[in-house]
Amino acid sequence: MSVSTAASDQSVCTPLAVLGRDVTVPLVTGGEVTYAALDYAASAPALQRVWDDVAAYAPYYGSVHRGAGYLSQLSTDLFENARRTVADFLDCRAGDQVIFTRSTTDSLNLLARAIPADCQVFVFETEHHASLLPWQDARVTYLNAPRTPQQAVETLERALADRDPYGPALVCVTGASNVTGELWPVRELAAAAHAHGARIVLDAAQLAPHHPVSVTDLDVDWVAFSGHKLYAPFGSGVLAGRADWLRAAEPYLAGGGASRKVTRREDGGVAVEWHETAARHEAGSPNVIGAYAMASACKALTEAGWDTLVAREQHLVRTVREGLAEVPEVRILSLFGDDAPRVGVLSFVVEGWNSSHFAAALSAEYGIGVRDGLFCAHPLVRTLLGSDPQTQGECGAPEAAPGEKSLNAIRVSFGAGTPDEHVQRFVDAVKELVAEGAKWQYRTEEGRCVPAV
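First things first, this report covers the structure right here in the doc.

**Some thoughts on the overall build of the protein**
- A count of helices and strands for the protein gives 13 helices and 19 strands.
- Taking 2.2 N^0.38 as the reference for a compact globule, 453 residues should give roughly 22 Å; the C-alpha atoms of the protein span a radius of gyration of 23 Å, in line with that estimate.
- If one aligns the C-alpha atoms of the protein with their principal axes, the spans along those axes are about 80 × 55 × 45 Å.
- Buried residues in the protein amount to 55% of all 453 residues.
- A sequence separation of at least 24 residues applies to 71% of the contacts in the protein between residues at least 6 apart.
- If you sum the accessible surface of the protein, you get close to 19,200 Å²; carbon and sulfur atoms cover 50% of it.
- Distance from the positive charge centre (37 side chains) to the negative charge centre (55 side chains) of the protein: 5 Å.

**Topic: helix α1 (residues 48-57)**
- Of the positions making up α1, those classed as buried are Val50, Val54 and Tyr57. Taken end-on, α1 shows its buried residues confined to a sector of 65°, consistent with a single buried face.
- Where α1 is buried, its residues contact α2 (70-89) and α9 (288-304).

**With respect to the pairing of strand β4 (residues 97-101)**
- β4 sits mainly inside the fold: five of its five residues count as buried.
- The side-chain alternation of β4 yields two buried faces, one formed by Gln97, Ile99 and Thr101 and the other by Val98 and Phe100.
- As paired elements, β4 and strand β10 (residues 237-241) share five bridges and run antiparallel to each other. Each residue of the ladder has a partner; that of Gln97, found in β10, is Gly241.

**Points about the side chain of Arg411**
- Locating Arg411 in the fold gives a position in strand β17 (residues 409-413).
- A polar contact of 2.9 Å, which involves the side chain of Arg411, links it to the backbone oxygen of Asn178.

What counts, and at which threshold
- Residues numbered from 1 in each chain as written.
- Predicted model: local features only at pLDDT ≥ 70, side-chain atom pairs only at ≥ 80, totals over all residues.
- Heavy atoms only, no water.
- Helix = DSSP H or I, 4+ residues; strand = E, 2+ residues; numbered from the N terminus.
- Rg over C-alpha atoms; globule rule 2.2 N^0.38 Å.
- Buried < 20%, exposed > 50% of the residue type's maximum accessible area, 1.4 Å probe, protein only.
- Contact = heavy atoms within 4.5 Å.
- Areas by Shrake-Rupley, 256 points an atom, 1.4 Å probe, with all protein chains shown as cover.
- Lys, Arg positive; Asp, Glu negative; His and termini not counted.
- Charge placed at Lys NZ, Arg CZ, Asp CG, Glu CD.
- Arc of directions from axis to C-beta.
- Pairing = 2+ DSSP bridges.
- Polar contact = N/O pair within 3.5 Å; in protein donor to acceptor, adjacent residues only side chain to side chain.

None of the figures reported here should be taken as evidence of function without further support.
Now the structure itself:
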């Protein structure tokens, strides 16, 4: 998988319109500044177009599936058309199912419930917890962090070849790291999995908002992603891919919508015939607005043009990398090396700084929102920091006072809605904080570093 690094013409490099782009926030040092949202890897701001589409639909809100009224039929059509839009966005194969869920985490837990009872799962320790943890009821082989893409493929090939007994197997891998932003060799990993009789699921939560994802071209069996990282509102996700394991599994949730026919048995019990379509795993009233919002985001990104979006983002990546390279105290975290292609996600540490303190100062003194901690990828961050991967920690900052050493990092992330000015302000703020220190006093409160009152 390759990412263009060519800068595009500045005339077509304008960011997409997102909600909150003009919001101002107070600074502890006085005055206000336009908020620089640089935490896209956690949740990207919703596209203005997505919000407008949802607002236009809202008056026509109605029940879905089997409703006889006009608004019900309209909502049903909108919901099912959203499914087709997502399938097109992912370049799904004929016969693939698109199931609407709550998030990437929900999608992968659904798949974990659907794998065969004797399935063995292979997952790298570098995964986000959403793809690292759902397989607790399966036989899981956790693979050590590779240091090159080729090493990742070789590690997987060895593990698959050595599995005993030989039977159903599933590989779970990220498309782009939520910690380093580095792209993983998905196509090569899929080829290795299939060569050894295994299937593969792609966690595309960080890939889909930054880069085109083709199920067909990558040859993955399933893909999962979240709406709130794809410039849509919270509460929606997708699991898309092969139907056979999903049809054979018990419904993820039991209830209306998943059931095709329910009858009483002679013994007084209840007999259920479940749907074999995506509805099998979509029990209950669906999140129609969430599905519609995701479809709107898919259309907006496609129409904006991936070549343009990727080129502009790579321009921002270079601005950050080159700017931080001028600060000797800053170390950017990486598995595959400085030249590895990546999306707009970078994590770093600053010598002499507690990461929570540094992130708090960026927010309070500069109006810049980043993230600090272990990013729900504890083993990976521990490995990158050179500490014991088994060391316990929380997703947020540990309780360390400003200036004390902390075993966590700072993450800056951006995307299609990020203005150049926000990225440059971030770089300038890092340089100023390292050179001059914080202008305010900070204290630790409930594990977070906050400005002292």
